[in-house]
Amino acid sequence: MNSAAAQKTYLKMQSKLLEDDKAVCYLVEVIAKCSQNISWATMVDGKKFSHERIRRISMDQFYKIVFNQEDAFFRLCKVLPLIIDDVIAEGKLEKSKNTVFKELKEISPDILKSLYLLSFKTYEGFNKL
């Protein structure tokens, strides 16, 4: 997200907090550097702002809140290979051959496991892979 979009998003969240004193706003990062649920600090017109109820949160922590389950995102990712296998078996996706698959297999023989480990290694539950 560029700085202009971040400022605009932050100001909308700040406005929501002014309208509703019980609100909590989340910037959900689908692929974050690590598992997190932290106060979001950003610059608005050259001044740093942060608020405890304006949060930056990784997908695993967001699912944890939504489903009230520590490893909810991990559980979703765990069933995705079955769904992908079903789609491939129906012929809706073709298997590709390129260096990406080779590189992923160097991480783990299971390509989907490799994708998860590469993207979500610090997220809740993924240390179980």
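Just above sits the structure.
Residues numbered from 1 in each chain as written. Predicted model: local features only at pLDDT ≥ 70, side-chain atom pairs only at ≥ 80, totals over all residues. Heavy atoms only, no water.

Observations concerning the environment of leucine 17
Structurally, leucine 17 can be placed in helix H1 (residues 3-19). Separated by 54 residues in the primary sequence, leucine 17 and aspartate 71 place their C-alpha atoms 29 Å from one another. Beyond its immediate stretch of four places on either side in the chain, leucine 17 contacts Ala23, Val24, Cys25, His51, Arg53 and Ile54. (Helix = DSSP H or I, 4+ residues; strand = E, 2+ residues; numbered from the N terminus. Contact = heavy atoms within 4.5 Å.)

Some remarks on the packing of aromatic side chains
All chains considered together, the criterion is met by seven aromatic pairs. Where phenylalanine 73 meets phenylalanine 120, the ring centres are 5.0 Å apart and the plane angle is 85 degrees; that geometry is what we call edge-to-face. Within this pair, whereas phenylalanine 73 is found in helix H3 (residues 72-89), its partner phenylalanine 120 is found in helix H5 (residues 111-120), the two being separated by 47 residues in sequence. Using a relative accessible area of 10% as the deciding quantity, one classes phenylalanine 120 as buried. Here the aromatic rings of phenylalanine 73 and tyrosine 123 are separated by 6.1 Å at their centres, their planes lie at 55 degrees, and the arrangement is tilted. One end of the pair, phenylalanine 73, is in helix H3; the other, tyrosine 123, is in the segment after H5, with 50 residues separating them in the sequence. Look at phenylalanine 73 and you get buried, because its relative accessible area is 8%. (Phe/Tyr/Trp six-rings, centres within 6.5 Å; stacked < 30°, edge-to-face > 60°. Buried < 20%, exposed > 50% of the residue type's maximum accessible area, 1.4 Å probe, protein only.)

Digging into the side chain of glutamine 36
With respect to the element layout, glutamine 36 can be found in the loop between strand S1 (25-29) and strand S2 (37-44). Setting aside residues no more than four positions away along its own chain, glutamine 36 makes contact with Glu29, Arg56, Ile57, Ser58 and Gln61.

Quick notes on the pairing of S1
Covered by surrounding structure in S1 are Cys25, Leu27 and Glu29 only, the residues Tyr26 and Val28 on the alternate face being uncovered. Bridge count for S1 against strand S3 (residues 47-58) is five bridges, and the pairing is parallel. Counted as the bridge partner of leucine 27 is arginine 56 from S3. (Pairing = 2+ DSSP bridges.)

With respect to the pairing of S3
Here eight bridges tie S2 to S3, and the two strands are oriented antiparallel to one another. Paired with valine 44 across the bridge in S3 is lysine 47. Hairpin remark: S2 followed by S3, antiparallel, with two residues in the connecting loop; positive phi at aspartate 45, about 50 degrees.

Topic: H3
Between its first and last C-alpha, H3 extends 27 Å over 18 residues, near the 26 Å set by a 1.5 Å rise per residue. At leucine 80, H3 shows its strongest bend, of approximately 25 degrees, with the proline proline 81 following within four residues. Taken as a whole, H3 has its buried residues at Ala72, Phe73, Phe74, Cys77 and Pro81. The inward-facing, buried residues of H3 contact helix H2 (59-67) and H5. Backbone geometry just after H3 places glycine 91 at a positive phi near 80 degrees. (Expected span 1.5 Å × (residues − 1). Bend = angle between axes of the 7 residues up to and from the residue.)

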